[in-house]
Amino acid sequence: MARVLATTHLPGDPARLVPGHEWLGPAAGEAPWPRARWLGALASADALVCLLSDRVDAEALAAAPRLKVVANYAVGHDNIDLDAASARGVAVANTPDVLVEATADFTFALLLAAARRLGEGERLVRAGQWRGWAPDLLLGADVAGRTLGVIGLGRIGRAVARRAAGFAMPVVYHRGAAAPGSAARAVELDELLATSDVVTVHCPLTPATRGLLDARALAAMRPGAILVTTARGPIVDEVALCDALERGHLGGAGLDVFDDEPRVSARLLAAPRAVLAPHLGSATTTARTRMAELCITAVRDVLAGRRPPNLVNAERLAAGGRG
Ligand code: DGY
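About the criteria used
- Residues numbered from 1 in each chain as written.
- Predicted model: local features only at pLDDT ≥ 70, side-chain atom pairs only at ≥ 80, totals over all residues.
- Heavy atoms only, no water.
- Salt bridge = Lys/Arg side-chain N within 4 Å of Asp/Glu carboxyl O.
- Helix = DSSP H or I, 4+ residues; strand = E, 2+ residues; numbered from the N terminus.
- Buried < 20%, exposed > 50% of the residue type's maximum accessible area, 1.4 Å probe, protein only.
- Patch = residues over 30% accessible without salt bridge, like charges linked within 9 Å, V, L, I, M, F, W, Y side chains within 5 Å.
- Areas by Shrake-Rupley, 256 points an atom, 1.4 Å probe, with all protein chains shown as cover.

Undergrad: Could you clarify how one ought to interpret the pattern of salt bridges in this entry?
TA: Any two side chains of opposite charge can pair, on the condition that their charged atoms come close. By the definition in use, this model includes 23 salt bridges. Salt-bridge contacts for Arg 316 lead to Asp 83; the nearest nitrogen and oxygen are separated by 2.8 Å. With Arg 316 in helix α12 (residues 314–318) and Asp 83 in helix α3 (residues 82–87), the pair connects residues that are 233 residues apart, well separated along the chain. A residue is classified by how much of its surface remains accessible, and Arg 316, at 27% relative accessible area, is partly exposed. On the accessibility criterion, Asp 83 (39% relative accessible area) is partly exposed. Two residues, Glu 101 and Arg 163, come together in a salt bridge whose shortest N-O distance is 2.7 Å.

Undergrad: I'm lost on a nonpolar patch on the surface in this one. Help?
TA: On the surface, Val 125, Trp 130 and Leu 137 cluster together into a nonpolar patch covering about 290 Å² of accessible area. Counting through the fold element by element, Leu 137 comes out in the loop between α5 (118–126) and β6 (148–153).

Undergrad: Even after reading the chapter, I still don't get unusual backbone geometry, so can you show me in this structure?
TA: Of all residues except glycine, most have a negative phi; of all peptide bonds, most are trans. A cis geometry characterises the amide bond from Glu 261 onward to Pro 262, with omega recorded as 5 degrees. Within the element layout of this structure, Pro 262 appears in the loop between β11 (252–255) and α10 (266–269). Even without being glycine, Asp 97 reaches a positive phi, approximately 65 degrees. Assignment of secondary structure puts Asp 97 in the loop between β5 (91–93) and α4 (100–115). Judged by relative accessible area, Asp 97 falls into the partly exposed class, the value being 45%. Of note, Leu 138 is a non-glycine position whose phi angle comes to about 45 degrees, a positive value. By the element assignment, Leu 138 lies in the loop between α5 and β6.

Dropping the structure here:
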């Protein structure tokens, strides 16, 4: 009987969706399995359902001689060594589309919270330090009509751009492609940084985007601009971001992702203008349930000899594992 190993209990009780297979992994209410535990269980697994925080590297794949599919419970798949998986003939699938609207909504929540200093206001009220309405209390930045720069105009970036239209925000973008009929304008990164009042990051983490927003790029942003990211932490140089916030060069930051999750640097924790969220972009019941369903579809398809809809290493597999 084929064995499906899931490193975490997923919503919607997906085990029942894979009849005829043995399901291995934490039960409801149990903590996610640590790496050592799921690595040990990989020896007998035909399928792995993992989280973005599970590193499926050459070591893990070498410990999984029977493995046919890795279903990543995320759209970003920088945690998986695609070359190593493909070289072993292991299919890798992810969960696009179903989390687009949830993540775009959350991006806007962070954008507005950072621009309007919502975190500082909330802390003031909770600390019992609010002394009443004042003309100059926590003045923030306008959003309506300001320019939005989208780095990575893919599915999520385009959904954010659609929301920006409701705020009459002109959109410029770097990387990706605009939807037909969209007024979004493609520009070089330097122009985007120099002209945007809000910069939002939606590109995947790859060798080319790691550190894309480094000290130079952050310094090139407009004084008082807001940076938002719901993509992956290492795309932004966190130390340089802290410098820019501490110098007052940036007006604020809305961060859902960090360099070394769940650790958040002491400097970011101390930065009043940074709104910090614990990687919640796709965290709605609907999105997370549908992500689980997509993972299960991928597992079922591959174990039945079919190509799953969200295969991310099709070309590498076809090339026999050579990228
Ligand atoms: C993803 O899917 O890549 C998000 O970061 C979590 O939903």
